[in-house]
Amino acid sequence: MLRISHLTKTFFKGTPNENVALKNINLNIAAGDFVTIIGSNGAGKTTLLNLISGVYSPDEGRIEINGENMNSLPEYKRAKFVGRVFQNPLQGTAASLTIEENLAIASLRGKKRRLRFAINRRKRREFKDRLRTLGLGLENRLQERVGLLSGGQRQALTILMATLTKPYLLLLDEHTASLDPKTAQKIISLTEKIVTEHRLTTLMVTHNMEEALEFGSRTIMMHEGEIVLDIKGEERERMSVKDLLDKFSEVKKERLVEDKMLLV
């Protein structure tokens with residue numbers, strides 16, 4: 001479903017601030033897979049999502065979704081294929097518009113947007129039904145401006161908007177990191193419910209090691225722009241957070257030795 005080949009990205013190339021964000025990334029994700037991505041700050045996690053969604057263009061490499069080359073498509077055209085939820089609950093929704101207006105825009109993802117034709121009686125019933133599944137009472141607040149919602153309510157709405165048209169790929173970029181622990185748990189449970197119900201192929205970036213092993217079917221660890229661990233199946237089922245940290249420590253030691261050998 002998602003095929004990434006030799007993906008490379010460098011920022012500020014040829015300057016003192018040059019930063020190689022991704023180094024020859026190769027990754028194949030099957031349809032319906034739920035993959036968690038972990039790694040320290042600067043590992044390249046968000047850059048990877050930005051390249052997939054079209055925020056940046058790669059220096060080298062190819063991104064395919066369902067066999068279609070994404071490299072030539074700008075971000076707004078990739079919206080037909082990719083849904084995304086950001087860390088900040090304020091992103092992904094329009095605060096000055098109502099809940100139903102936000103949903104109407106989301107329902108036209110990848111199509112020509114004409115809001116006045118998007119909201120009708122049938123659409124309004126559909127929006128209420130979808131909002132009811134969130135269990136937050138938002139189905140009774142369709143006319144309320146999104147800017148009046150709490151962070152958790154807004155992030156729940158964003159997830160619903162990102163999946164309204166059932167995209168081929170859902171990207172979650174630390175989407176619970178800005179929420180309090182209780183709200184974050186509600187949002188991650190809601191995420192799992194929606195992903196499972198619609199069998200969405202999902203990449204979820206998280207700093208929470210427990211979440212990385214608990215949710216989904218595969219965990220990828222990134223370090224300095226590379227994929228250094230790819231864990232799935234029985235190995236992942238048996239793995240604890242301590243095991244994961246130990247493996248990461250081993251990888252860092254191996255990389256350090258390699259770097260020293262290169263300098264000799």
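You'll find the structure just up there.
Quick look at the structure, then. Every value quoted in this text rests on a predicted model; they were computed, and no experiment measured them. Residue indices begin from 1 for each chain and proceed along its sequence in written order. At least 70 in pLDDT is required for a residue's local features to be given in this predicted model, at least 80 for side-chain atom pairs to be given and counted, and no such filter applies to totals for whole chains, interfaces and linings, which use all residues. Heavy atoms from the whole structure form the basis of all side-chain values; hydrogens and water molecules are not counted.

### Comments concerning the overall build of the protein
Rules: Only DSSP runs of H or I covering at least 4 residues are called helices, and only runs of E covering at least 2 are called strands; the numbering of each starts at the N terminus. Note on method: radius of gyration uses C-alpha positions; expected globular size equals 2.2 Å times residues raised to 0.38. Summary of the burial criterion: residues with accessible area below 20% of their type's maximum are buried, those above 50% are exposed, and those between are partly exposed, where the area comes from a 1.4 Å probe applied to protein chains only. Where accessible areas are quoted, they stem from the Shrake-Rupley method and a 1.4 Å probe; at the residue level, only the protein chains shown are allowed to cover. His residues and chain termini do not enter the charge count, which takes Lys and Arg as positive and Asp and Glu as negative. By convention, charge coordinates are those of NZ in Lys, CZ in Arg, CG in Asp, or CD in Glu.
Scanning the protein from terminus to terminus reveals 10 helices and 10 strands. In terms of overall dimensions, the protein is globule-like: its C-alpha atoms have a radius of gyration of 20 Å, near the 18 Å expected for 264 residues. Overall, the protein is about 70 × 40 × 35 Å in size when its C-alpha atoms are taken along their principal axes. Burial analysis of the protein (264 residues in total) assigns 47% to the buried set. Of the roughly 13,800 Å² that the protein leaves accessible, carbon and sulfur atoms contribute 48%. Of note, the protein has its 42 positive side-chain charges centred 10 Å away from the centre of its 33 negative side-chain charges.

### Observations regarding the side chain of asparagine 102
This is how it is decided: In protein, a polar contact requires one atom able to donate a hydrogen and another able to accept it; more generally it is a pair of N or O atoms within 3.5 Å, and residues adjacent in sequence count only if both atoms are side-chain atoms.
Structurally, the position occupied by asparagine 102 is in helix α3 (residues 99-107). We classify asparagine 102 as buried; its relative accessible area is 2%. At 2.7 Å, the side chain of asparagine 102 forms a polar contact with the backbone nitrogen of alanine 94.

### Structural notes on the packing of aromatic side chains
Within a pair of aromatic rings, the relevant descriptors are the distance that separates the centres and the angle that separates the planes. Note the following rule: For Phe, Tyr and Trp, rings pair up if their centres lie within 6.5 Å, where Trp contributes its six-membered ring, and each pair is then called stacked (planes under 30 degrees apart), edge-to-face (over 60) or tilted (otherwise).
In total, this model carries two aromatic pairs according to the counting rule given. Here the aromatic rings of phenylalanine 11 and tyrosine 56 are separated by 5.0 Å at their centres, their planes lie at 75 degrees, and the arrangement is edge-to-face. In this pair, phenylalanine 11 sits in strand β1 (residues 2-11) while tyrosine 56 sits in the loop between α1 (45-53) and β4 (60-65), placing the two residues 45 residues apart along the sequence. Residue class for phenylalanine 11 comes out buried when judged on its relative accessible area of 18%.

### Things to note about unusual backbone geometry
At asparagine 66, a residue that is not glycine, the phi angle is positive and equals roughly 55 degrees. Along the chain, asparagine 66 falls in the loop between β4 and β5 (68-69). Positive phi is not limited to glycine here, since glutamate 224 has a value of about 50 degrees. Along the polypeptide, glutamate 224 turns up in the loop between β9 (218-223) and β10 (226-232). Judged by relative accessible area, glutamate 224 falls into the partly exposed class, the value being 44%.

### Description of the packing of helix α6 (residues 151-163) against helix α7 (residues 181-198)
As a reminder, the rule being used: Fitted lines through C-alpha atoms give the axes, limited to the stretch in contact for helices. The angle between two N-to-C directions lies from 0 to 180 degrees. Orientation is classified from the angle alone, with under 35 degrees giving roughly parallel, over 145 giving roughly antiparallel, 65 to 115 giving roughly perpendicular, and any other angle giving oblique. In this scheme, a crossing is called left-handed if the near helix is turned counterclockwise away from the far one by less than a right angle; it is called right-handed if the turn is clockwise. Throughout, a residue-residue contact means that at least one pair of heavy atoms, one from each residue, lies within 4.5 Å. By the convention adopted, Pro, Cys, Tyr, Trp, Phe, Met, Ile, Leu, Val and Ala count as nonpolar, Lys, Arg, Asp and Glu as charged, and the other residues, Gly among them, as polar.
Running from N to C, α6 and α7 point in directions that differ by 15 degrees, and their axes come no closer than 10 Å. Considered as vectors, α6 and α7 are oriented roughly parallel to each other. Two packed elements cross with a definite hand, and for α6 against α7 that hand is right-handed. Where α6 abuts α7, its residues Gly152, Gln155, Ala156, Ile159 and Thr163 lie against Thr183, Ile187, Leu190, Thr191 and Ile194. Across the contact of α6 with α7, the residue classes tally to five nonpolar, five polar and no charged.

### Thoughts on the sheet that holds strand β2 (residues 19-29)
Applied cut-off: When DSSP finds two or more bridges between two strands, those strands count as paired.
Across the sheet, four strands lie side by side as β2-β1-β4-β5; this open sheet has antiparallel pairing. Whereas interior strands pair on both sides, the edge strands pair on one side only; in this sheet they are β2 and β5. Where α1 meets the sheet, it contacts β1, β2 and β4, and its direction lies at approximately 115 degrees from that of β1.

### A short note on α1
Extensive coverage of α1 is indicated by the burial of eight of its nine residues. For α1, the set of buried residues is Lys45, Thr47, Leu48, Leu49, Asn50, Leu51, Ile52 and Ser53. Downstream of α1 by a residue or two, glycine 54 has a phi angle that is positive, lying close to 95 degrees.

### A word on the environment of valine 35
Inspection of the secondary structure assignment puts valine 35 in strand β3 (residues 34-38). Sequence-wise, valine 35 and leucine 203 are 168 residues apart; in three dimensions their C-alpha atoms are separated by 4.9 Å. With residues up to four places along the chain from it excluded, the contact list for valine 35 reads Ile29, Thr202, Leu203, Met204, Arg218 and Ile220.

### Re the nonpolar core
Quick note on the threshold: Side-chain atoms within 4.5 Å link the members of a nonpolar core, which is a set of buried Ala, Val, Leu, Ile, Met, Phe, Trp, Tyr and Cys residues.
Residues Ile99, Leu103, Leu131, Leu134 and Leu157 are the most contacted members of the largest nonpolar core, which totals 33 residues. Elements supplying a minimum of two residues to this core: α3, α5 (121-132), α6, β7 (169-173) and α7. Aside from chain neighbours lying at most four places away, what touches leucine 131 is Ile99, Leu103, Leu138, Glu139, Leu142, Leu157 and Leu160. Core analysis: the next-biggest nonpolar cluster, separate from the first, contains 26 residues, Leu27, Leu49, Ile63 and Met70 among them.

### Points about the sheet that holds β7
The strand order across the open sheet built from six strands is β6-β7-β8-β3-β9-β10, with neighbouring strands paired in mixed fashion. The open sheet terminates on both sides in strands that have one partner only, identified here as β6 (82-85) and β10. With direction set aside, neighbouring strand axes in the sheet form an average angle of 20 degrees. Of the pairings in the sheet, the one linking β3 to strand β8 (residues 201-205) comprises four bridges and is parallel in character. Bridging from a neighbouring strand, isoleucine 37 pairs with valine 205 of β8. Of the strands in this sheet, β6 and β7 touch α6, which is tilted by about 175 degrees from β6.

In short, the description is geometric, and any link to function would need to be established separately.
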